[in-house]
Amino acid sequence: MANAKSYVKEFGEKFKEDNATLLAAAQAYYYLLAIVPLLILILAILPYLQIDPQRLMDLLGTILPGEIATTFEDQIVSVVTTPAGGLLTIGILGTLWSASNAVSAFIKATNEAYDVEETRSFIAQKGIAILLTLFMLVAVVVALVLPIFGGTIIDTVSSFLNLPSQTEILFQVLRWVISIAVMSIVLAVMYKIAPNKSFPFKEVIIGALIATILWQLVSLGFSFYVSNFGSYNATYGSLGGLIILILWFFLTGLILVIGAEINAIVHKRKNTKNAPAKVH
């Protein structure tokens, strides 16, 4: 118990010392800037998915007011049915560059956690940032697709293979387990590569696992709060959605910083424990 209290106390002191909330806000800012190129990328990919325009319009009609969906019907149908290779290229490059700026802020946060200076060249830093961006995109896709669309995927597979109910329950559990496992592995790789410091891979597993679980819980909790108790639209009007998005980005950045701080404490304590005793 005393050891756990000392960990919590050290974490609180380091969290404050490293200005964790400021580092999280910097990440949120760059995540927000990456939204536009990401939307361009999504719009460029849609034509290649062979989506039925009418089904998409029906779906949008359940989300948006009917007048808005009808107003943009021609443009939406055009986007879904007309491939745009140039737009796809711009979307990919724009998303990678913008998101890599957010990852650069994440790299700075990990360096702060380990109390190290960044000595790598700009090209090396940008290359690492882009590589970690690809890892982060994989984590986000898996973390969102399996929990959100996993039920639909399982129902589709079950309709073709006539799976027994016990197997379906197993798959329902596995989609969450796989989501957490994949995201934990990706975050562990990011925590290992990002800081300008060398240490064993096993030292980042705890922080990656805690960050993954926290992100899943916070995302679900925040979604529940916004849906049932939040009044952002009433308070901010049309800016309500943007405020919610910024808050979610901030919480995501804060959780990533928390994972880095935990890993740094584990690393520091292990080195202190293994350090040779001074000879007097």
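Per chain, residues are indexed from 1 in the order of the written sequence. Given that this is a predicted model, residues contribute local features only at a pLDDT of at least 70 and side-chain atom pairs are listed and counted only at 80 or more, while totals for whole chains, interfaces and linings are drawn from all residues. Working from all heavy atoms in the structure, the side-chain values ignore hydrogens and water.

A.B. asks: Outline the pattern of salt bridges, supporting the account with residue identities and numerical values.
C.D. replies: Salt bridge, as used here: a side-chain nitrogen of Lys or Arg that lies within 4 Å of a carboxyl oxygen of Asp or Glu. Taken as a whole and judged by the stated rule, the model has 7 salt bridges. Glu10 serves as the salt-bridge partner of Lys268, at 3.9 Å between the closest nitrogen and oxygen. Of the two residues, Lys268 is situated in helix 12 (residues 240-274) and Glu10 in helix 1 (residues 2-17); the sequence distance between them amounts to 258 residues. By relative accessible area, Glu10 is classed as buried at 17%. A salt bridge links Lys14 to Asp18; its shortest N-O distance comes to 3.0 Å. Residue classification places Lys14 among the buried residues on the basis of a relative accessible area of 10%. You can call Asp18 buried: its relative accessible area is 5%. One network of salt bridges, with partners in common, ties together Glu10, Lys268 and Arg269. A run of DSSP states H or I qualifies as a helix once it reaches four residues; a run of E qualifies as a strand once it reaches two. Both are numbered from the N-terminal end. Throughout this description, buried means an accessible area under 20% of the type-specific maximum (1.4 Å probe, protein chains only), exposed means over 50%, and partly exposed covers the range between.

A.B. asks: Can you lay out unusual backbone geometry for me, pointing to particular residues and giving the numbers?
C.D. replies: Apart from glycine, the bulk of residues carry a negative phi angle, and the bulk of peptide bonds sit in the trans form. Of note in this structure, Asn19 is not a glycine but carries a positive phi near 50 degrees. Positive phi, close to 55 degrees, is recorded for Asp115, a residue that is not glycine. For Asp115, the location among the structural elements is in the loop between helix 7 (85-114) and helix 8 (122-161). The class of Asp115 is exposed, set by a relative accessible area of 54%.

A.B. asks: Explain the packing of aromatic side chains to me, using residue names and the numbers behind them.
C.D. replies: Two aromatic rings, drawn from Phe, Tyr or Trp (for Trp, its six-membered ring), form a pair once their centres lie within 6.5 Å of each other, and the interplanar angle then sorts them: stacked below 30 degrees, edge-to-face above 60, tilted otherwise. Enumeration according to the criterion identifies 7 aromatic pairs in this entry. Measuring from ring centre to ring centre gives 5.0 Å for Tyr114 and Phe199, while their planes differ by 15 degrees; the resulting arrangement is stacked. Of the two residues, Tyr114 is situated in helix 7 and Phe199 in the loop between helix 9 (165-193) and helix 10 (205-228); the sequence distance between them amounts to 85 residues. Accessibility expressed as a relative area gives 9% for Tyr114, which makes it buried. On the accessibility criterion, Phe199 (7% relative accessible area) is buried. Ring centres of Trp215 and Trp248 lie 5.8 Å apart, and the angle between their planes is 55 degrees; on these two criteria the pair is classed as tilted.

A.B. asks: Tell me about the side chain of Thr212, and name the residues and values.
C.D. replies: Residue position: Thr212 is located in helix 10. Exposure remark for Thr212: the relative accessible area of 0% places this residue in the buried category. In terms of polar contacts, Thr212 uses its side chain to reach the backbone carbonyl oxygen of Ala208, at 2.8 Å. Residues within four places of Thr212 in sequence aside, it is in contact with Ile180, Met183, Ser184 and Leu187. In protein, a polar contact means a hydrogen-donor-capable atom and an acceptor-capable atom, both N or O and within 3.5 Å, with residues adjacent in sequence counting only if both atoms are side-chain atoms; elsewhere, any N or O pair within 3.5 Å suffices. Here, two residues are considered to be in contact whenever any of their heavy atoms come within 4.5 Å of each other.

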